[in-house]
Amino acid sequence: MSVWNYLDVLTPQLLLIVFALLMPALDYIFKDKRVISMMALAPLVAVAAALISWIFLDIWTPPESQISLIDLDIFAGLFMLVFVSVGIVVVLGSPEFIKNDKNQGEYYALILLAITGMTIVAESTDLIALFVGLEIAGISSFALSGFRKTEKRSAEAATKYFIVGGFSSALTLFAISLLYGVGGTTNIASIGSILTTSTAPWIIDSHPVVLLAAVMLMAGIGFKIAMVPFHMWAPDVYEGAPTPISGLLAAASKKMGFAAFFKIFLVAIIVTKTDWEEAVAVLAILTMIVGNLIAVSQTNIKRMLAYSSIAQAGYILIALPVATQYAVAGGIFHIITHAFMKSGAFMVVAAMGAVAVGEKLEDFKGLSKRSPFLAFSMTLFLLSLAGIPPLAGFSSKFVLFSSAVEASFIDGQGWMIWLAVAGVLNSALSLYYYARVIKNMYMEKGPSEKVRVPPMLGAAISVAVIMVVAIGIYPDAVVTACRHAGETFSGLVSGWP
Amino acid sequence: MFEGVPIVSIIILMPLIGAACTFLLGRYEKYAKWVALSFSLVALVLSVLVALVFMVEPDSTATGYHDGRGFYNFQFYESATWIKSLGITYIVGLDGIGLPMFVLTTLLSTLSILFSWDTKLRPKEYFGLMLILEVGVLGVFSSLDYFVFYVFWEIVLIPMYFMIGVWGGPNKDYAAIKFFIYTHIASLALLIAIMAMYFQAGVNSFGMEDIWRAGQTEFTKVFQVAAFGATFFGFGVKLPMVPFHTWLPDAHVEAPTAGSVLLAGLLLKMGGYGIIRVAIPTLPEGADALQIVMAIVAIASILYGAILCLAQKDLKKMVAYSSISHMGFVLLGFATFTQLGIVAGVFQMFAHGLVTAVLFMMCGVVQHHCGTRMIPSLGGLSKKMPVASTMMTIGFLASLGLPGLVSFAAEFMVLASMYQTWALWLFLPIISVAITAGYYMWALQRSMFGPMTQKIDTAHVHDISWFEGAPVGILIALIALFGVFPMLIFQYIDPAVKIVLGLLGGG
């Protein structure tokens, strides 16, 4: 095994890291800061293009992994595509937002590093690699959320995020050590197989250690995906962080948490499913309800989007207790669509902030007159988040909820229909606060001067709009890919349901 | 004619293209009404041609569903794979139940656009949204795949939300959000039922026919009752049935006139259409088990809606409540499970679409010219606006079921079929006929006739304008035409209903 084997599989990460390290240097060389953002865009676009040509166009195949820590399967591929796509949107949306900052090179470097960490989580086949990925992404995100150092809210966000994030890392690490203690390996699939086949008495006896690990993971990674009751940090951090970074946190960091969740719960400890499925189901429903109910009363749009993002995490969590190939496909599909809807919505808010209009709900009054483009894009994102056809959010919710309906036909799992019912009722509830923003934009009178949308931000929003509409109208390719990703899970562990 | 031409898709596409054009008008938005009118007119002409072809050369282009017992005999059938991985196919086609609704949609859309001719507030959005609404309703009445059906079903909500919310009356925010959420929750119950039917059928297809076919063996009785309950709720809220009707008066009172016309004339029909297209044929045992519930809800809607009309001071609110009552007849007809009853229910949907459009347009005329619709403030208007008051009188008479006008044939047949099934229980719905005559005559007496009102300034009140009079006139002509020759529509509905009834195992 030569060093080239490592390079082959790690090419995306290496590409991202090399550019990340170049960024501060470029910052010195170029006076025109747009060049730096273009250079930050380059590796992301390259990785995205490679992934698309593999997953959707079938004109290229990634190398077989020669190392045991990471593997680029279709599950990882889809998640990586989500991360780099959000990265593209966020980088496009950033220049206007940080144009007066001295340290732009570092800003882009941190974004690239955060995305590197996320891609490692998506690709990891080993708990150690997974943890390393979580940390790389986590630490870069802490720094990014406090990037506007002079602003009190930003500093507060970073501190809060850092403390909570450190705590959650510790819990995750401890859970990983427990899993290692049980299985004697850190390989995710091997732990699953050992749990299925082992005859050791402490494993057969309802896996108490594994359950303890599951509880700790729920808390540890639950923080990352803002699952109730570990969600409290999210609104404060999203509100305080620079808006494009809020988009990155909501649309990408959270998805990294789901990648970790899926890997550990659906591969490593899937055999103990009957022990934790009800707990996760309850938490999923609570997450939807709490997120939506609190979102109703928000007056700041970033906080509203934060709570809506908590609720959306609740929908995605449905995939865990249901745990069929179709449910995993639904979960991944909703993660993909949510990434575009949420990052798009945050970019609209960023555009409003960049031209000093404001971030309050009432600042959106009469926006349709001031900038038809922003108002129309925001309307599409919000309707898609609410799950109105023919937009992307409807298709993905459709697959996700229908997987719960499908599972409820199996004997003894009739209760799973309530996951679908809860999801559906919560979608209706969420429509209330989404519609209120739309109402403000189209039906209320506001100031009349036009809002100028910075071109790069306009491009970022356009990318998200195109994806939301295109996936909504023709979801077939994405659904097929997601179903393949769901199938990879059953191949990893022999006892997969 | 139309062989090999995807005519149904073309008709659905017309308003969509029109909407895109109106939205793109930019500074030239005063031409929006012309663009909207021409595209909807093309759709209208094409749909009338389709209806003629359907009548003149039946079966000539019929493909689609044929089998031993015969599901539906759809003509103008088109099918194209859409989302293969989920078994979703774009299928459209028309039969005797869908076609009258399809033509009604293009007709009312065109007339509503004409009626809104002097809309000054944001015309390009207004006419664009009306066209999108038309696309949604046309899709609902022609799609034969549950997923496609649901997509069109939901598309309808968005333009209506904006029409109420932007162009509505003083309390528009509340009404728009109430409409949106109320009917959206109903749609979601429907969505869960559709998912359940899909998985229970287990054929990996959302095609209505595939699920229907598989369901004959796969759907247990318990499943059918549960699924029918969910679909019935989903469609019933749109219908609207008591006690899920409360969104309707609010939405109507606040909506602009054309919005009310489309809401009452088309959106309510979607509920009735869903029951007869989806709920009853696919889940016959569930329908059978809940037949009595349907009947009770229907009669409650008929009576409750009528009684509430008596208490209304607002002319438009009265018409809104009368819609609840008249749509109750649709449900009652379906609930009888007889050939006559179901035909009558479908015919009543068509009839109500024509009549209620006249009524709402006349409410709009009164509001527009007098500045108020409150009955106590009006009075003696027939002197100032003789043509309008004549038209309103005809509309009221048509709605209360004067023989020779279209509603009479429909309601009479519903009542006759009710007698076939439940004999003397007929006395319950028939009370409503008297109440209906009462509230219409009373309202007419107080608003149009009698001494001239002193409560509003009538100095500048003038008679109906051409763009208001023309649509109402056309509708009145059709009301009389189909009242005298109901066979013109019956002959479409009758064979299609025979097949539905065959599925119920009755006849």
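For the structure itself, look to the data block above.
Below is a short write-up of the structure. What you see is a predicted model; the values in this text were computed from it and never measured.

**Notes on the overall build of chain B**
Then, number 1: Looking only at helices and strands, one finds 21 helices and 2 strands in chain B.
Then, number 2: Rg of the C-alpha trace for chain B: 22 Å, near the compact-globule value of 23 Å for 507 residues, within the 12% margin.
Then, number 3: The principal-axis extents of the C-alpha atoms in chain B amount to approximately 70 × 60 × 45 Å.
Then, number 4: Across the 507 residues in chain B, those meeting the buried criterion constitute 67%.
Then, number 5: In chain B, 79% of the contacts between residues at least 6 apart in sequence involve partners at least 24 apart.

**Regarding the pairing of strand E1 (residues 75-83) of chain B**
All names here are of chain B.
Then, number 1: Of the pairings in the sheet, the one linking E1 to strand E2 (residues 88-94) comprises 6 bridges and is antiparallel in character. For Glu 78, the partnering residue across the bridge sits in E2 and is Val 92.
Then, number 2: Hairpin connection of E1 to E2: 4 residues between the antiparallel strands, including Gly 87 at a positive phi of 75°.

**Some remarks on the nonpolar core**
Across soluble globular proteins, nonpolar side chains show a tendency to be buried alongside one another.
Then, number 1: Formed by 412 residues in total, the largest nonpolar core has its most connected members in Phe261(A), Phe262(A), Leu266(A), Ile332(A), Phe364(A), Leu267(B) and Phe334(B).
Then, number 2: It is helix H15 (residues 339-370) of chain B that provides the largest number of residues to this core, a total of 20 residues.
Then, number 3: Ignoring any residue separated from it by four or fewer positions in sequence, one finds Leu267(B) in contact with Leu133(B), Val137(B), Val156(B), Met160(B), Phe179(B), Lys238(B) and Leu262(B).

**Some details on helix H17 (residues 372-386) of chain A**
Residues and elements named next belong to chain A.
Then, number 1: Helix length check: H17, at 15 residues, gives a terminal C-alpha distance of 21 Å against a target of 21 Å (1.5 Å per residue), a fit within 8%.
Then, number 2: Buried residues of H17: Leu 374, Ala 375, Ser 377, Met 378, Thr 379, Leu 380, Phe 381, Leu 382, Leu 383, Ser 384, Leu 385 and Ala 386, and no others.
Then, number 3: Note on H17: the residue one or two positions beyond its end, Gly 387, has a positive phi of about 85°.

**Things to note about the pattern of salt bridges**
Then, number 1: Counting across every chain of the model gives 21 salt bridges over all chains.
Then, number 2: Between Glu359(A) and Arg153(A) there is a salt bridge, with the nearest N and O atoms lying 3.9 Å from each other. In this pair, Glu359(A) sits in the loop between helix H15 (325-354) and helix H16 (367-370) while Arg153(A) sits in helix H6 (residues 152-183), placing the two residues 206 residues apart along the sequence.
Then, number 3: Judged by its relative accessible area of 14%, Glu359(A) is buried.
Then, number 4: Taking relative accessible area as the criterion, Arg153(A) reaches 33% and is therefore assigned partly exposed.
Then, number 5: With a shortest N-O distance of 3.0 Å, Asp314(B) and Arg373(B) are connected by a salt bridge. Of this pair, Asp314(B) sits in the loop between helix H13 (291-310) and helix H14 (315-335) while Arg373(B) sits in the loop between H15 and helix H16 (381-384), and the two are 59 residues apart along the sequence.
Then, number 6: Using a relative accessible area of 12% as the deciding quantity, one classes Arg373(B) as buried.

**Overview of the packing of helix H11 (residues 257-282) of chain B against H15(B)**
Residue and element names in this part refer to chain B.
Then, number 1: Taken N-terminus to C-terminus, the directions of H11 and H15 make an angle of 170°; their axes are 8 Å apart at the nearest point. In terms of axis orientation, H11 runs roughly antiparallel to H15. Two secondary-structure elements touch here, H11 through Thr 257, Ser 260, Val 261, Ala 264, Gly 265, Leu 268, Lys 269, Gly 272, Tyr 273 and Ile 276 and H15 through Ile 342, Met 349, His 352, Gly 353, Thr 356, Ala 357, Phe 360, Met 361 and Gly 364.
Then, number 2: Here the residues of the contact of H11 with H15 sort into 10 nonpolar, 8 polar and 1 charged.

**Observations concerning the packing of aromatic side chains**
Then, number 1: What the rule picks out here adds up to 54 aromatic pairs over all chains.
Then, number 2: By the ring-pair criterion, three or more aromatic residues cluster together here, those being Tyr326(A), Phe394(A), Phe398(A), Trp82(B), Phe147(B), Tyr150(B), Tyr198(B), Phe199(B) and Phe206(B).
Then, number 3: Positioned above the aromatic ring of Phe147(A) is the side chain of Lys149(A), whose terminal nitrogen or guanidinium carbon lies 5.1 Å from the ring centre.
Then, number 4: Just above the ring of Trp442(B) sits the side chain of Arg446(B); from NZ or CZ to the centre is 3.7 Å.

**Considering helix H9 (residues 221-238) of chain B**
Then, number 1: In a regular helix each residue adds 1.5 Å, so 18 residues correspond to 26 Å; H9(B) covers 26 Å between its end C-alpha atoms and thus fits that length.
Then, number 2: When H9(B) is considered as a whole, its buried residues turn out to be Phe223(B), Gln224(B), Ala227(B), Phe228(B), Thr231(B), Phe232(B), Gly234(B), Phe235(B), Gly236(B), Val237(B) and Lys238(B).

**A few points about the interface of chain A and chain B**
Then, number 1: Residue-level contacts link 38 residues of chain A with 31 residues of chain B.
Then, number 2: Taken together, both faces of the contact between chain A and chain B bury some 3,200 Å²; the carbon and sulfur share is 79%.
Then, number 3: Contact with chain B buries surface across chain A, with Phe398(A), Phe409(A) and Met443(A) losing the most and accounting together for 20% of the total.
Then, number 4: Joining chain A to chain B, the criterion identifies 1 salt bridge.
Then, number 5: The closest approach of N and O atoms between Lys439(A) and Asp173(B), which form a salt bridge, is 3.6 Å.
Then, number 6: At the junction of chain A and chain B, the tally comes to 7 residue pairs in polar contact (both at pLDDT 80 or more).
Then, number 7: At the level of elements, H16, H17, helix H18 (392-407), helix H19 (417-443), helix H20 (455-473) and helix H21 (476-492) of chain A are the ones that each hand at least two residues to the side of chain A that touches chain B.
Then, number 8: Here the side of chain A that touches chain B takes 12 residues from H19(A), the largest share from any one element.
Then, number 9: The class makeup of the residues in the side of chain A that touches chain B is 27 nonpolar, 5 polar and 6 charged.

**Some thoughts on the packing of helix H2 (residues 32-56) of chain B against helix H4 (residues 123-142) of chain B**
Residue and element names in this part refer to chain B.
Then, number 1: One can describe the packing of H2 onto H4 by two numbers: an axis separation of 8 Å at closest approach and a directional angle of 15°. Viewed along their axes, H2 and H4 adopt a mutual orientation that is roughly parallel. Relative to H4, H2 is oriented so that their crossing is left-handed. Side by side, H2 and H4 meet where Ala 32, Lys 33, Ala 36, Ser 40 and Ala 43 of the first sit next to Pro 123, Lys 124, Phe 127, Leu 131 and Glu 134 of the second.
Then, number 2: Its residues assigned to classes, the contact of H2 with H4 shows 6 nonpolar, 1 polar and 3 charged.

**Looking at a nonpolar patch on the surface**
Then, number 1: On the surface, a cluster of nonpolar side chains totalling about 480 Å² of accessible area is made up of Ile52(A), Phe56(A), Leu57(A), Ile59(A) and Trp60(A).
Then, number 2: Looking at where Leu57(A) falls in the secondary structure, it is placed in the loop between helix H2 (33-55) and helix H3 (74-93).

About the cut-offs
Residues numbered from 1 in each chain as written. Chains lettered and ligands numbered in written order. Predicted model: local features only at pLDDT ≥ 70, side-chain atom pairs only at ≥ 80, totals over all residues. Heavy atoms only, no water. Helix = DSSP H or I, 4+ residues; strand = E, 2+ residues; numbered from the N terminus. Rg over C-alpha atoms; globule rule 2.2 N^0.38 Å. Buried < 20%, exposed > 50% of the residue type's maximum accessible area, 1.4 Å probe, protein only. Contact = heavy atoms within 4.5 Å. Pairing = 2+ DSSP bridges. Core = buried A, V, L, I, M, F, W, Y, C linked by side-chain atoms within 4.5 Å. Expected span 1.5 Å × (residues − 1). Salt bridge = Lys/Arg side-chain N within 4 Å of Asp/Glu carboxyl O. Axes fitted to C-alpha atoms, helices over the stretch in contact; angles between N-to-C directions. Parallel < 35°, antiparallel > 145°, perpendicular 65-115°, else oblique. Nonpolar A, V, L, I, M, F, W, Y, C, P; charged D, E, K, R; others polar. Phe/Tyr/Trp six-rings, centres within 6.5 Å; stacked < 30°, edge-to-face > 60°. Lys NZ or Arg CZ within 6 Å of the ring centre and 35° of its normal. Buried area = accessible area lost by both parts, 1.4 Å probe. Polar contact = N/O pair within 3.5 Å; in protein donor to acceptor, adjacent residues only side chain to side chain. Left-handed = near helix turned anticlockwise from the far one by under 90°. Patch = residues over 30% accessible without salt bridge, like charges linked within 9 Å, V, L, I, M, F, W, Y side chains within 5 Å. Areas by Shrake-Rupley, 256 points an atom, 1.4 Å probe, with all protein chains shown as cover.

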